[in-house]
Amino acid sequence: RLRSRGLGDVYKRQFNKIMLRLAGENGVAAITILLYSQFLFNALFLGFSMGVAPVISFQYGAKNSEKLSNVYHISNRFVKISSGFMAVASILLAKPITSVFVSESSHTFAMTVTGFALFGINYLFSGYNVFTSSLFTALSDGKTSALVSFSRTFVCILASLLILPQIIGLKGVWLAVPVAEFVTLLLCIGMHRKYFYVEGKQNYFH
């Protein structure tokens, strides 16, 4: 946990540094609000993943392949549906959430609401990524779980922050997290295909 928090601080400092250069103090305030809102919206995915993990772990340990498969597919459907819901909710609730932090008449308010429209795309992908990391932890596959988590919270975000703002400016900051989550999603899809859909000894369903 301490390590994850440390990695988070690294990319938050990078966000602040870039926003200060591109949009000044208002930009730093705007990205801070968006990052705080990220904890709020991802709470659903974190709570679900933590709640279903013991069930997955139990069925895996008991070698109940059929029940494990059922839990896996139900969880997948829930994450996909809720991801769409959270992405839409983040856009619809952009103004109410932002108004908690800053006045509606401020420039920061307008900038943050605009940022929500792009930043909120990340919730289409983050739920699947959070679930995947928790899933492999429940299956005692710490290496795969760590790979997904490290890629999502550090490597992909820092890479996006270093590249996108150089190309498209402020929009690149808003899109850094969505792009990072999407790239991590591709990694997660690859891990799911490898361990759940390919026949062989690595398939957790057989």
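Definitions and cut-offs
Residues numbered from 1 in each chain as written. Predicted model: local features only at pLDDT ≥ 70, side-chain atom pairs only at ≥ 80, totals over all residues. Heavy atoms only, no water. 1 Å grid on protein atoms, 1.4 Å probe; cavity = no way out; pocket = protein on both sides within 12 Å on 5 of 7 lines; lining within 4 Å. Points joined across faces, edges and corners; volume = space filled by probe spheres on them. Helix = DSSP H or I, 4+ residues; strand = E, 2+ residues; numbered from the N terminus. Nonpolar A, V, L, I, M, F, W, Y, C, P; charged D, E, K, R; others polar. Buried < 20%, exposed > 50% of the residue type's maximum accessible area, 1.4 Å probe, protein only. Contact = heavy atoms within 4.5 Å. Salt bridge = Lys/Arg side-chain N within 4 Å of Asp/Glu carboxyl O.

Thoughts on the layout of surface pockets
Part 1 of the reasoning: If you add up the space inside the second largest pocket, you get close to 240 Å³.
Part 2 of the reasoning: Looking at the second largest pocket, it is lined by 14 residues, and the ones nearest its centre are Asn 76, Lys 80, Tyr 128, Leu 185 and Ile 189.
Part 3 of the reasoning: Taken together, the elements giving at least two residues each to the lining of the second largest pocket come down to helix 2 (65–92), helix 5 (123–138) and helix 7 (170–197).
Part 4 of the reasoning: Considering every element that reaches the lining of the second largest pocket, the biggest residue donor is helix 2, with 6 residues.
Part 5 of the reasoning: Looking at the lining of the second largest pocket residue by residue, the class counts come to 7 nonpolar, 4 polar and 3 charged.

Describing the side chain of Asn 76
Part 1 of the reasoning: Residue placement: Asn 76 occurs in helix 2.
Part 2 of the reasoning: A relative accessible area of 5% places Asn 76 in the buried class.
Part 3 of the reasoning: Not counting the four nearest positions on each side in its chain, Asn 76 is found in contact with Tyr 128, Phe 131, His 192 and Tyr 197.

Some points on the pattern of salt bridges
Part 1 of the reasoning: If you walk through the whole model with that rule in mind, you get 1 salt bridge.
Part 2 of the reasoning: Of the charged contacts in the structure, one is a salt bridge between Glu 181 and Arg 152, with a shortest N-O distance of 3.0 Å. Highlighted residues: Glu 181 in helix 7 and Arg 152 in helix 6 (residues 142–168), separated in sequence by 29 residues. Each member of the pair, Glu 181 as well as Arg 152, is classed as buried.

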